[in-house]
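Single-letter residue listing:
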Amino acid sequence: MSLDKALDEAVKAVPECVAAGYVDTESGMLLGVKTVDSHPSEVLDLVAAATADLFQGKTVVEIENIFKKRRGVTDARHYFQEIVVFSDNLLHVFIRGGKLTDHVCVFVCRKGVNIGMALTKARAAVPALEAAF
């Protein structure tokens, strides 16, 4: 399945989902996106950069390293796996890939969504998005 098709399926599967994206945090590039409305390319580019900052910004990496050191973790695995952001009108779910750990799946849902259901369905969509890449 293509990444575009997988993103389309994710938008349909995650309740109240208005957009889904697939970001490479190493490059800060948005590798794929599906939205139910049109959005300016400047906004989409910023979403990719912000996602990279959320997961691999200098301070975040420092926090990860401190927790790893304190817990005796020596592998390269990232500490932060999921981040949920509530805005005025939307719920933003960011989930790091399980196999491709420098990739993050982004799901944007309407604020009224059942949060537990959105997280469950978003988590379930990640393997198909990774496989499509």
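Note: the structure precedes this text.
Residues numbered from 1 in each chain as written. Predicted model: local features only at pLDDT ≥ 70, side-chain atom pairs only at ≥ 80, totals over all residues. Heavy atoms only, no water.

Participant: Please give an account of the overall build of the chain that cites residues and values.
Facilitator: Each helix and strand in the chain was counted, giving four helices and five strands. Of the regular secondary structure in the chain, the N- to C-terminal order runs α-β-β-α-α-β-β-β-α. A globule of 133 residues ought to have a C-alpha radius of gyration of about 14 Å, and the chain, at 15 Å, matches this closely. Burial statistics for the chain: of 133 residues in total, 39% are counted as buried. Of all intrachain contacts in the chain linking residues separated by at least 6 positions in sequence, the fraction that spans at least 24 positions is 53%. When the accessible area of the chain is evaluated, it comes to approximately 7600 Å², of which 56% is carbon and sulfur surface. (Helix = DSSP H or I, 4+ residues; strand = E, 2+ residues; numbered from the N terminus. Rg over C-alpha atoms; globule rule 2.2 N^0.38 Å. Buried < 20%, exposed > 50% of the residue type's maximum accessible area, 1.4 Å probe, protein only. Contact = heavy atoms within 4.5 Å. Areas by Shrake-Rupley, 256 points an atom, 1.4 Å probe, with all protein chains shown as cover.)

Participant: Give a description of the sheet that holds strand β3 (residues 82-86) that names residues and reports values.
Facilitator: If you trace the five strands from one edge of the open sheet to the other, you get β2-β1-β5-β4-β3, paired in antiparallel fashion. The two strands at the open ends of the sheet, each matched to only one other strand, are β2 (29-35) and β3. Mean inter-strand twist for the sheet, computed between neighbouring axes without regard to direction, equals 15°. Both strand β1 (residues 17-24) and strand β5 (residues 103-110) contribute to a ladder of seven bridges, which runs antiparallel. Bridge pairing links D24 to H103 in β5. Packed on one face of the sheet, helix α2 (residues 41-56) meets β1, β2, β3, β4 (90-96) and β5 and runs near 55° to β4. (Pairing = 2+ DSSP bridges. Axes fitted to C-alpha atoms, helices over the stretch in contact; angles between N-to-C directions.)

Participant: With reference to specific residues and values, describe the pairing of β1.
Facilitator: The buried fraction of β1 amounts to eight of the eight residues, a majority that puts the element mostly inside the structure. Direction of pairing for β1 relative to β2: antiparallel, over a ladder of six bridges. When the sheet's bridge partners are listed, V23 is paired in β2 with L30. Where β1 folds back onto β2 in an antiparallel hairpin, the turn is made up of four residues, including G28, whose phi is positive at roughly 75°.

Participant: Give a detailed account of the side chain of K68, specifying residues and quantitative values.
Facilitator: You can see K68 is positioned in helix α3 (residues 58-71). On the accessibility criterion, K68 (12% relative accessible area) is buried. The contact partners of K68, leaving out residues within four places of it in the chain, are V73, D75, A76 and R77.

Participant: Quick one: what's the story with the nonpolar core, residue by residue and with numbers?
Facilitator: Of all hydrophobic cores here, the largest spans 23 residues; its most connected members are V93, F107, C109 and L129. For this core, the elements supplying multiple residues, two or more each, are α1 (3-13), β1, β4, β5 and α4 (115-132). It is α4 that provides the largest number of residues to this core, a total of seven residues. Those residues in contact with L129 that lie beyond four places of it in its chain are L3, A6, L7, A10, Y22, C105 and F107. Ranked by size, the runner-up nonpolar core spans 10 residues in total, among them A19, A48, I83 and V104. (Core = buried A, V, L, I, M, F, W, Y, C linked by side-chain atoms within 4.5 Å.)

Participant: Please give an account of the side chain of D24 that cites residues and values.
Facilitator: Mapped onto the secondary structure, D24 falls in strand β1. No salt bridge is formed by the buried D24; the nearest opposite charge belongs to R96, separated by 8.9 Å. For D24, the side chain forms a polar contact with the side chain of S27, separated by 3.3 Å. When neighbours within four sequence positions are excluded, D24 is seen to be in contact with M29, L31, D102 and H103. (Lys, Arg positive; Asp, Glu negative; His and termini not counted. Salt bridge = Lys/Arg side-chain N within 4 Å of Asp/Glu carboxyl O. Polar contact = N/O pair within 3.5 Å; in protein donor to acceptor, adjacent residues only side chain to side chain.)

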